[in-house]
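Architecture at a glance
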Amino acid sequence: MQKLVLLGDEAIAQAAIDAGISGIYAYPGTPSTEITEYIQHSKEAAAKGIKACWTANEKTAMETALGMSYAGKRTMVCMKHVGLNVAADPFINSAITGANGGLIIVSADDPSMHSSQNEQDSRFYGKFALVPILEPSNQQEAYDMVRYGFDLSERFRLPVMLRITTRLAHSRSGIETRQQREQNDVSLPENLRQFVLLPAIARKQYKNLLGQQQALISESETSGLNTYIDGTDKSKGIITTGLAYNYLMENFADRIVPFPVVKIGQYPLPVKLIEKLANECEELLIMEEGMPLVEEQLAGLLHRGIKVRGRLDGTLPRDGELNPNIVAVALGFTDTRGEEIPEIVASRPPSLCVGCPHTDSYLALNEAMESYSKGRVFADIGCYTLAALPPLQSINSCVDMGASITMAKGAADAGLVPAVAVIGDSTFTHSGMTGLLDAVIHNAPITVLILDNSTTGMTGGQSSEAFGRLKDIVTGLGVDPEHIRILKPLRKNHAENVQAIKEELSYEGVSVIIPTRECIQTLNKRMREKFKNKK
Amino acid sequence: MKRDIILAGVGGQGILSIAAIIGTAAVSSGIYVKQAEVHGMSQRGGDVQSNLRLSSAPIASDLIPFGKADMIISVEPMESLRYLPYLSPEGWLITNTTPFVNIPNYPDIEKVMEEIGKVRNHIVLDADQMATDAGSARSANMVILGAASPFLDIPLEILEEAIHSTFKRKGEDIVNMNLNALRIGRQAADAQMSK
Ligand SMILES: Cc1ncc(C[n+]2csc(CCOP(=O)(O)OP(=O)(O)O)c2C)c(N)n1
Ligand code: SF4
């Protein structure tokens, strides 16, 4: 046993190494990125031959992991919450196929949208898929749940979801590790048709999955991850999920809560524990880090029976992450607050780095677009989305990865010509290629800028699958080579770049412009390392 | 012992190194630590903060409640004010005075200093200048840590050891530069408090 101070993400990664995984697959996304990075940098993992790969997107990650599980080995797949939308098809179906080697899907939610376009709650996906969900409230639990999760997955032959949130992922604390375990040998599923989801087989497997639900509930009641903590004051019973438990405890100096508490860390919900709470208490207060999943189930549509308080009746805010103060108010305590923020304090939004290649690309695009009416630039997700803000104010949309090209095509179909798409290199290989194929097949009058900075910048500079391949991919998808333009986004090339963009805007077909210059951050990092190695 | 600390600054100014050093020092003294960091979007030149909690008893929440922070340690003056709702009435505000201006509407620095002056317990120092004078412009964050060190309830030697173990990979020069910056900050704080 060893004591380490780790981020929640790192605790999960170390636990996966210790639990004997053979591979981890992921597409970067805050707040999940550090799990895979930790394993990529771990000498221990390298010595054990653990595969730690970035993939083109979350769907390919999920499917690759499923393949490894099919072959009998333990594997983990990691993504941010919106990544699970992309991986939803294989994820939901993996519950029907079931697993062979232990399979954990880590989905990292971002309530309050610190770095995301929405705050969806992955537990709904887990419930929808009918798979067990584990939800730690601290770093040690995160570590321990990974080991347990792999056992659970192999015992029930089901994928298991580990749901975490930003504050756990990116908070550091001391954890104790456990003894390391060997990897599994390759072994195929007993039934070689288990993974063949033809209707006749799928129907049987689905019934099987439904049949397992009662056993999963019993497991939730007895695993020790859901606990009933008795209290003397039965005027209310409290149910917490995830980090809400910590915020509850924070409000009691001696860490003793007068009310009975059910602390949830595993789903499906432990029916017996909750029944006991409902029988003993006058009302229930549900504190969930995320959307009101438990509350909706307990309240029922008509709010009959026991009074249920939480995010739906306004006892807690309907959106955003919880914190100790929000929980204090829900408990009826007086709120604490220091002095207000002085009025002179200005907001400081994130911005493109000084010297970022995207700035030069946008300055050229802005000038080339001057002769057209505003509102024609469909963008995507990455550092380059920051151009929505002043001073550049170049873009008019950012919805989900890949939506730039497809939305531009839709708008062009509606008559908005020219329509422009702006997409990063990593986003393009994540979800842009298929949309570009659509555009090529219908010869849509759109101009696509693929901003190639050789990296996945927004999430901290991970490798990009597009690296060195963009021109070939675009050509292969059928874009006319005469309308594929590679530019170097530098101030000194401004006039020439404006001219090139203008020419392509006036072409009534698919053009692809690829401004190519490395991200300043990764460039500096590379130079520092080169310098260090020379010394 | 309990110290709830908000670390504040702008992405890239090195607040996570301050957190890492205090955290390492606390752990080696057998103190419980929780430290919530900000990664991702906001690191790109936006405002960043970290909640650092130290306690001799196990810590429940990763986040510090409003009005309960014992100190705000900031490497940028305007950023120090952004977290005032967290500071307890008896808490200390320790901040650098060199503004980091990357927005067009950065307020008048005199007004910023005036607001800082209204906080009952505060220590202000030009950490950038002090670090430059000492020949290590890049260790302004360690000057700030030095200025905060009298309030940490962690012996200075343990902080020095933590600096040692954090920077030793980068060579002895870097270690000494940071140790020097720490001491300069400490002296400045001691001088201000004895006034
Ligand atoms: C489905 C999904 N997965 C992951 C993310 C997280 N994410 C946002 S931007 C980005 C990287 C984009 O890289 P690139 O397109 O190369 O642009 P850059 O940031 O380098 O400019 C990632 C991984 C997301 N928002 N949605
Ligand atoms: S990290 Fe790279 S791509 Fe992102 S803003 Fe900075 S220089 Fe540009």
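Counting restarts for each chain: residues are numbered from 1 in the order of the written sequence. As a convention, the first chain written is A and the first ligand written is 1, with the rest following in written order. Two thresholds apply to this predicted model, a pLDDT of at least 70 for residue-level local features and 80 or more for giving and counting side-chain atom pairs, whereas whole-chain, interface and lining totals are computed over all residues. To obtain the side-chain values, all non-hydrogen atoms of the structure were used and water was disregarded.

**Comments concerning the overall build of chain B**
This is how the line gets drawn: Helical segments are the DSSP runs of H or I of at least four residues, strand segments are the runs of E of at least two, and each set is numbered from the N terminus. All radius of gyration figures rest on C-alpha atoms, and the globule criterion is 2.2 Å times the number of residues raised to 0.38. Residue contacts are defined here by distance: any two heavy atoms, one from each residue, within 4.5 Å place the two residues in contact. In these tables, accessible area is a Shrake-Rupley quantity obtained with a 1.4 Å probe, and a residue counts as shielded only by the protein chains included in the view.
Broken down by element type, chain B carries seven helices and six strands. Tracing chain B from N to C terminus, the helices and strands come up as β-α-β-β-β-α-β-α-β-α-α-α-α. Relative to the 2.2 N^0.38 estimate, which gives 16 Å for 195 residues, the radius of gyration of chain B is 16 Å and therefore close to what a compact globule would have. Projected onto the principal axes, the alpha-carbon positions of chain B cover approximately 40 × 40 × 40 Å. Put simply, 64% of the contacts in chain B that link residues at least 6 apart link residues at least 24 apart. Accessible surface computed for chain B: about 7,800 Å², of which carbon and sulfur atoms make up 51%.

**Comments concerning the packing of aromatic side chains**
Selection criterion: Think of it this way: a Phe, Tyr or Trp ring, Trp meaning its six-membered ring, pairs with another when their centres are within 6.5 Å, and the plane angle makes it stacked under 30 degrees, edge-to-face over 60, tilted otherwise. For a Lys NZ or an Arg CZ to count as sitting over a ring, it must be within 6 Å of the ring centre and within 35 degrees of the ring normal.
All chains considered together, the criterion is met by four aromatic pairs over all chains. Between the NZ or CZ atom of Lys-263 of chain A and the centre of the ring of Tyr-245 of chain A, over which it lies, the distance is 4.9 Å.

**Concerning the sheet that holds strand E17 (residues 446-451) of chain A**
Residues and elements named next belong to chain A. Using the following cut-off: Only when DSSP finds a minimum of two bridges between them are two strands counted as paired. All axes are obtained by fitting lines to C-alpha atoms, using only the stretch in contact for helices, and the reported angles, taken between N-to-C directions, cover 0 to 180 degrees.
Strand order across the open sheet formed by five strands is E15-E16-E17-E19-E18, with parallel pairing between neighbours. The open sheet has two edge strands, strand E15 (377-378) and strand E18 (484-487), and neither has a second partner. Helix-sheet contacts for helix H19 (residues 494-505) involve strand E16 (419-424), E17, E18 and strand E19 (511-515), and the interaxial angle to E18 is about 165 degrees.

**Description of empty space enclosed by the protein**
Using a probe with the size of a water molecule, rolled over the atoms, empty space left in the structure can be pinpointed. The condition that has to hold: Every definition here rests on a 1 Å grid over the protein atoms only: cavities are sets of points where a 1.4 Å probe fits but cannot get out, pockets are open sets enclosed by protein on both sides within 12 Å along at least five of seven lines, and lining residues have some atom within 4 Å of a point. Grid points are joined across faces, edges and corners, and a volume is the space filled by probe spheres set on the points. Nonpolar residues are Ala, Val, Leu, Ile, Met, Phe, Trp, Tyr, Cys and Pro. Charged residues are Asp, Glu, Lys and Arg, and all others, Gly as well, are polar.
In this structure the tally under the stated criterion is five cavities of 30 Å³ or more. For the largest cavity, the calculated volume is near 60 Å³. As for the largest cavity, its lining consists of Thr-30, Asp-110, His-114, Ser-115, Thr-166, Arg-167 and His-170 of chain A together with Glu-37, Val-38 and His-39 of chain B. The residue makeup of the lining of the largest cavity, split by class, is one nonpolar, six polar and three charged.

**With respect to the packing of helix H1 (residues 15-28) of chain B against helix H6 (residues 156-167) of chain B**
All names here are of chain B. The test is simple: Each helix crossing is assigned a hand: it is left-handed if the near helix lies turned anticlockwise from the far helix by less than a right angle, otherwise right-handed if that turn is clockwise.
It is the contact of H1 with H6, at a shortest axis distance of 8 Å, that shows an interaxial angle of 120 degrees. Relative to H6, the crossing made by H1 is right-handed. Within the contact between the two elements, H1 uses Ile-21, Ile-22, Thr-24, Ala-25 and Ser-28 and H6 uses Ile-158, Leu-159, Ala-162, Ile-163, Ser-165, Thr-166 and Phe-167. Looking at the contact of H1 with H6, its residues break down into eight nonpolar, four polar and no charged.

**Section: unusual backbone geometry**
All names here are of chain A. Our working rule: Burial status follows relative accessibility: with a 1.4 Å probe on protein chains alone, a residue under 20% of its type maximum counts as buried, one over 50% as exposed, and anything between as partly exposed.
Omega for the peptide link from Thr-30 to Pro-31 comes to 5 degrees, which places this bond in the cis form. Inspection of the secondary structure puts Pro-31 in the loop between strand E2 (21-26) and helix H2 (33-41). The omega torsion across Tyr-267 and Pro-268 is 10 degrees, close enough to zero to call that bond cis. Tracing the sequence through the fold places Pro-268 in the loop between strand E12 (266-267) and helix H12 (271-280). Unlike most non-glycine residues, Met-113 shows phi in positive territory, near 50 degrees. Residue position: Met-113 is located in the loop between strand E5 (103-109) and helix H7 (123-129). On the basis of relative accessible area, Met-113 is assigned to the partly exposed category, the value being 39%. The backbone of Arg-157 shows a phi angle near 55 degrees, a positive value even though the residue is not glycine. Within the secondary structure, Arg-157 sits in the loop between helix H8 (139-156) and strand E7 (160-165).

**Description of the site of ligand 2**
Our working definition: Consider each residue's heavy atoms; a residue with any of them within 4 Å of a molecule or strand counts as near.
Every residue lining ligand 2 is accounted for by Leu-352, Cys-353, Cys-356, His-358, Cys-383, Asn-453, Cys-519, Ile-520 and Gln-521 of chain A together with Arg-44 of chain B. Partitioning the shell around ligand 2 into residue classes produces six nonpolar, three polar and one charged.

**Examining helix H16 (residues 403-413) of chain A**
For H16 of chain A, the complete set of buried residues consists of Ala-403, Ser-404, Ile-405, Ala-408, Lys-409, Ala-411 and Ala-412 of chain A. Looking at the residues trailing H16 of chain A, positive phi occurs at Gly-415 of chain A, about 115 degrees.

**Points about the domain arrangement of chain A**
Applied cut-off: Domain delimitation in this document rests on an assignment produced automatically or drawn from a domain database.
For chain A, the assigned domains read domain 1 (3-211), domain 2 (227-330) and domain 3 (357-522). Distance from the C-alpha centre of domain 2 of chain A to the C-alpha centre of domain 3 of chain A: 48 Å.

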